[in-house]
Amino acid sequence: MLWLLRFSGFFSAALVMIILSPSLQSFPPAEAIRSSSSSSPSSSSSPPATLSFRQAPEFRNADQCGTFSGSICDPSLVHVAITLDIDYLRGSIAAVHSILQHSVCPENVFFHFLVSHETKILETLVKSTFPNLKFKVYFFDPLIVRPLISTSIRQALEQPLNYARNYLADLLEPCVRKVIYLDSDLIVVDDIGKLWNTSLGSRTIGAPEYCHANFTKYFTAVFWGDKRYSGTFSGRRPCYFNTGVMVMDLVRWRRGKYTRRIERWMEIQRRERIYELGSLPPFLLVFAGHVAPIEHRWNQHGLGGDNVRGSCRDLHPGPVSLLHWSGYHHHDMGSSSSSSSSSSSSSSVSHLLRRFVFSW
Ligand SMILES: *[C@@H]1O[C@H](CO)[C@@H](O)[C@H](O)[C@H]1NC(C)=O
Ligand SMILES: *[C@@H]1O[C@H](CO)[C@@H](O)[C@H](O)[C@H]1NC(C)=O
């Protein structure tokens, strides 16, 4: 699992390097894999040599973008939150680069980086890679969620940083009213301003919904057998959504105390196993059926395989704005379905890669 997630991160970074080369320094694969497996580099404040990226070019606003006051509270900013982890760094850097590259107003994008380790190293690295980037690094204390995390069948999903998205409303400045949360294994190939402008209506979060997915399987028999739990979905039409691409209204989130609601489900999960996966099910419990639907083009996921059951998703018909490498769990769910989806996933990736390169 872990190698695959790492691979996905590397792959997306590699993809960008293929396309954008020479804007990012290219590494031979062996080098990249080695650097991503050294999870605790020395704590000097400059990044290890293997963890440096060539400085990205300057990305300039188009004429229509207006002027920026210099404050993080400026209402013209587009806020993007993304985690920075030494192990998945290439993915995060590639994601940031892809956003800037495709933005009409790249100077209006403010990045909120969530970090649990090596804060200084990562901050230095971002500064040297993107000298003009508007960003802030936030330390997310793993101790906040460690007592709430239950053991999962998928170890990689239990990284505390996966839960940082639950705390954005607390971490970010109160004047930040909305944020786009993005996983670090994706590439944006469209103007992020369009996603930002998507209306949430009266909803607190927006995400592409997948109503054809079998919702039952995300929770255990214990959950469905106990009305105290499953009753939470009565009167709703819950659909699966992926928490790797979300638009979040932080004002409504704070007002509705959603962090606490998510934590309550995690506390229940500690006592009784109501689901198997990590950070996703509490989001489904709180929000499924109350999500503002966002166009599917903003999350072409399932690349590399379905991250839940090893089955591959169909590619979105028509243009795609965001490519997402959902991790494929080769190791921890070894079954006959793995091999079949493994081959179909690689063909969908190469198909997409062809399409992607072609449309560039
Ligand atoms: C988003 O909305 C703002 C404010 O209405 C507008 O100025 C901007 O051009 C829009 N951006 C895009 C990409 O549609
Ligand atoms: C949905 O998943 C549940 C639990 O895995 C299974 O029992 C049920 O048959 C599935 N339903 C459909 C329509 O596939």
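Since this is a predicted model, take the numbers as computed values, not measurements.

Conventions we followed
Each chain carries its own residue numbering, running from 1 in the direction its sequence is written. Following the order in which they are written, the chains are lettered starting with A and the ligands numbered starting with 1. Thresholds applied to this predicted model are a pLDDT of at least 70 for local features of residues and 80 or more for the giving and counting of side-chain atom pairs; totals over whole chains, interfaces and linings are not thresholded and use all residues. Side-chain figures throughout are based on the complete set of non-hydrogen atoms in the structure, without hydrogens or water. Runs of E in the DSSP output that reach at least two residues are strands. Runs of H or I that reach at least four are helices, and both are numbered from the N terminus. Relative accessible area decides the class of each residue, using a 1.4 Å probe on protein chains only: under 20% of the type maximum gives buried, over 50% gives exposed, and in between gives partly exposed. Here, strands pair whenever DSSP counts at least two bridges between them. Crossovers are marked right-handed if the path from the first strand over the helix to the second runs clockwise, as seen with the strands pointing away from the viewer. The definition of a nonpolar core used throughout is a set of buried Ala, Val, Leu, Ile, Met, Phe, Trp, Tyr and Cys residues joined through side-chain atoms within 4.5 Å. By definition in these notes, contact holds between two residues if any of their heavy atoms fall within 4.5 Å. Between 30 and 60 degrees the pair is tilted, below 30 it is stacked and above 60 it is edge-to-face, where a pair is any two Phe, Tyr or Trp rings, Trp via its six-membered ring, whose centres lie within 6.5 Å. For a lysine, the NZ atom is tested; for an arginine, the CZ atom; a charge sits over a ring if that atom is within 6 Å of the ring centre and within 35 degrees of the ring normal. Interaxial angle, 0 to 180 degrees, is taken between N-to-C directions of lines fitted to C-alpha atoms, where a helix line uses only the stretch in contact. For this analysis, a polar contact is any N or O atom pair within 3.5 Å, provided that within protein one partner can donate a hydrogen and the other can accept it, and provided that sequence-adjacent residues contribute only side-chain to side-chain pairs. Think of it this way: one heavy atom of a residue within 4 Å of a molecule or strand is enough to make that residue near it. For accessible areas, the Shrake-Rupley method is used with a probe of radius 1.4 Å. Any residue's cover is judged against the shown protein chains and nothing else. Polar here means any residue outside two lists: the nonpolar Ala, Val, Leu, Ile, Met, Phe, Trp, Tyr, Cys and Pro, and the charged Asp, Glu, Lys and Arg; Gly therefore counts as polar. Every case where a carboxyl oxygen of Asp or Glu lies within 4 Å of a side-chain nitrogen of Lys or Arg is listed as a salt bridge.

Asker: Now, about the environment of P317: what can you tell me, with residues and values included?
Answerer: Position of P317 relative to the elements: it lies in the loop between β10 (292-293) and β11 (322-324). Assessed through its relative accessible area of 66%, P317 is described here as exposed. Sequence separation between P317 and Q300 is 17 residues, and the spatial gap between their C-alpha atoms is 9.8 Å.

Asker: Can you lay out the pairing of strand β9 (residues 245-249) for me, pointing to particular residues and giving the numbers?
Answerer: A large share of β9 lies buried, amounting to five of its five residues. Judged by which residues are buried, β9 turns out to be covered on both faces: V245, V247 and D249 on one side and M246 and M248 on the other are all buried. As paired elements, strand β4 (residues 178-182) and β9 share five bridges and run antiparallel to each other. Residue Y181 lies in a different strand from β9, and its bridge partner there is M246. The pairing of strand β6 (residues 205-207) with β9 spans two bridges and is classified as antiparallel. Within β9, the residue paired with I205 across the bridge is M248.

Asker: Break down the pairing of strand β3 (residues 134-139) for me, citing the residues and quoting the values.
Answerer: Bridge count between strand β2 (residues 109-115) and β3: six bridges; the pairing is parallel. Following the sheet pairing, V115 is matched in β3 by F139. The handedness of the β2 to β3 crossover, carried by helix α4 (residues 119-129), is right-handed.

Asker: For the nonpolar core, give the residues involved together with the corresponding values.
Answerer: Judged by nonpolar contacts, the single largest core of 51 residues is most densely connected at F241 and F287. With six residues, the top contributor of residues to this core is helix α11 (residues 280-287). Apart from the residues within four sequence positions on either side, F287 is in contact with T204, I205, R236, F241, W253, Y258 and I262. Residues I99, V109, V126 and V247 belong to the second largest nonpolar core, which totals 40 residues.

Asker: An account of the packing of aromatic side chains is needed here, citing residue identities and associated values.
Answerer: Within the structure shown, the criterion is met by 23 aromatic pairs. Where Y229 meets W265, the ring centres are 6.4 Å apart and the plane angle is 70°; that geometry is what we call edge-to-face. Taken as a pair, Y229 in helix α8 (residues 227-230) and W265 in helix α10 (residues 258-271) lie far apart in primary sequence, 36 residues in all. Taken together, the ring pairs connect Y210, F215, Y218, F219, F223, W224, Y229, F233, Y240, W265 and Y275 into an aromatic cluster. If you follow K178 out to its NZ or CZ, it ends over the ring of W196, 4.6 Å from the centre.

Asker: Please set out unusual backbone geometry residue by residue, giving values where relevant.
Answerer: Even without a glycine there, the phi angle at E118 is positive, about 55°. With respect to the helices, strands and loops of the structure, E118 is situated in the loop between β2 and α4. Of note, the phi angle at K257 is positive, near 50°, even though the residue is not glycine. Within the fold, K257 resides in the loop between α9 (250-256) and α10. Among the residues examined, K257 registers a relative accessible area of 58% and is labelled exposed.

Asker: Now, about the sheet that holds β6: what can you tell me, with residues and values included?
Answerer: Strand order in the open sheet formed by seven strands is β3-β2-β1-β4-β9-β6-β10, and the pairing between neighbours is mixed. A single partner strand is all that each edge strand has here, and the edge strands are β3 and β10. Pairing between strand β1 (residues 78-84) and β2: seven bridges, direction parallel. Across the sheet, V80 pairs through a bridge with F111, a residue of β2. Set on the sheet, helix α3 (residues 89-102) makes contact with β1, β2 and β4; between it and β1 the angle comes to about 165°. Seen against the sheet, α4 touches β1, β2 and β3 and runs at an angle of roughly 170° to β3.

Asker: Can you lay out the side chain of R165 for me, pointing to particular residues and giving the numbers?
Answerer: Note on placement: R165 falls in the loop between β3 and α5 (168-171). According to the relative accessible area criterion, R165 is buried, its value standing at 4%. For R165, the side chain forms a polar contact with the main-chain oxygen of T243, separated by 3.0 Å.

Asker: With reference to specific residues and values, describe the site of ligand 1.
Answerer: D191, G193, K194 and N197 make up every residue found near ligand 1. Take N197: an N or O atom from its side chain is 2.3 Å from an oxygen atom of ligand 1. Within the complex, the protein chains bury 29% of what would otherwise be the 360 Å² of accessible surface of ligand 1. A class-by-class count of the residues in the shell around ligand 1 yields no nonpolar, two polar and two charged.

Asker: Pulling in residues and values, what's your account of the pattern of salt bridges?
Answerer: Considering all chains together, one arrives at 14 salt bridges under this definition. Between R60 and E58 there is a salt bridge whose closest N-O contact spans 2.4 Å. On the basis of relative accessibility, which here comes to 54%, the residue R60 falls in the exposed class. Notably, a salt bridge pairs R260 with E267, separated by 3.2 Å at the nearest N-O pair. A relative accessible area of 33% means that R260 is categorised as partly exposed. Look at E267 and you get partly exposed, because its relative accessible area is 29%.

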